[in-house]
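Breakdown of the fold
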Amino acid sequence: MVRTKWQDIYQQLRERILRGELKPGQAFPTNFELMKEFNAHAATVQNAVNALIREGLVFSEENTTKKRTVRSIPYRSHRRGDFIREHHDISNEMIIQLKIIEHEEELPQSIRTQIQPPVLFSHTQQLRDEMIVTIARSYITNILPLDKLQSRLEKSHAMLYRTMKTLGFRSLICDETLVSDLPSPNETDELQIPKNTTIPIVRIQRKVFDHREQLLQICWMINRADCYEFQYRFRL
């Protein structure tokens, strides 16, 4: 299939970004510079640039006269249990809210038949290299000593599943449901995804059980899909 002029420009610029010729964080060439380099009309160049912006390779304000920058492409990692344990020094988990819920009406309708108050609610941001990669909202059942768990999770660099283990509760089984989608406006804001891009997200519902298959946790996560590689293994 023959590529149009703007597609050819887009492909060349895309390869320069992926090869590192255009460095992450550096100023992206202006339309005028690109018009001269490729001997192309303004509309042709803008079509190519818009495609790069939609892909998330170039960041731009809504007003195209603003300065544009080359995106820093995150590396992909496998998802495991505790976020900090996986990413070590480049990771940080910030607590937005951590509280014990005493009343059923404060719980999401969808989990009221599975979990009864009191419940420990944890709302966190997970950051890697200072970029938000996951928003997690977790509900932990009262099988655990919630006061002790809350106190320990308030400490810096606390890890949920390791902390559960110190309290005598080993997380053994993890059941997850995943849905890939484009983010809603609220999810775009929460993850601080640049506007006008088409960076996808993965919504995950996780249920964690102990060795007796008692439910310990229900968690909803919103993940930037460009930051993770999702790997599965199952019998056929």
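To start, this report covers the structure provided alongside it.

We now examine helix α2 (residues 31-38). Every α-helix carries 3.6 residues per turn, so stepping three or four residues along brings you back to the same face. All of the buried residues in α2 are N31, L34 and F38. Buried residues along α2 cover an arc of 60° about the axis, so they all sit on one side. Away from its buried face by more than 90 degrees, α2 exposes F32 and K36. The elements touched by buried residues of α2 are α1 (5-19) and α3 (42-55). Where α2 terminates, the next one or two residues include N39, which has phi positive at roughly 50°.

So, on to the packing of α2 against α3. Running from amino to carboxyl end, α2 crosses α3 at an angle of 110°, the nearest separation of the two axes being 9 Å. Considered as vectors, α2 and α3 are oriented roughly perpendicular to each other. Pair α2 / α3 crosses with right-handed handedness. Within the contact between the two elements, α2 uses N31, L34 and M35 and α3 uses A42, V45, Q46 and V49. Per-class residue counts for the contact of α2 with α3 are five nonpolar, two polar and no charged.

Our focus in this paragraph is the side chain of R224. Its place among the elements puts R224 in strand β9 (residues 215-224). Apart from the residues lying within four places of it in its own chain, the contact partners of R224 are R71, M131, I132, V133, L191, I193, I199 and P200.

The next thing to look at is the pairing of strand β5 (residues 119-128). Of all 10 residues in β5, 10 are buried, a share of seventy percent or more. Taking every second residue as pointing to the same face, both faces of β5 are buried, with V119, F121, H123, Q125 and L127 on one and L120, S122, T124, Q126 and R128 on the other. Where strand β4 (residues 91-101) and β5 come together, 10 bridges link them in antiparallel fashion. Bridge pairing in β5 places E93 opposite Q126. Strand direction decides the pairing type here: β5 and strand β6 (residues 131-140), joined by nine bridges, are antiparallel. Across the sheet, the residue bridging to L120 is I140, located in β6.

Calculation rules
Residues numbered from 1 in each chain as written. Predicted model: local features only at pLDDT ≥ 70, side-chain atom pairs only at ≥ 80, totals over all residues. Heavy atoms only, no water. Buried < 20%, exposed > 50% of the residue type's maximum accessible area, 1.4 Å probe, protein only. Helix = DSSP H or I, 4+ residues; strand = E, 2+ residues; numbered from the N terminus. Arc of directions from axis to C-beta. Contact = heavy atoms within 4.5 Å. Axes fitted to C-alpha atoms, helices over the stretch in contact; angles between N-to-C directions. Parallel < 35°, antiparallel > 145°, perpendicular 65-115°, else oblique. Left-handed = near helix turned anticlockwise from the far one by under 90°. Nonpolar A, V, L, I, M, F, W, Y, C, P; charged D, E, K, R; others polar. Pairing = 2+ DSSP bridges.

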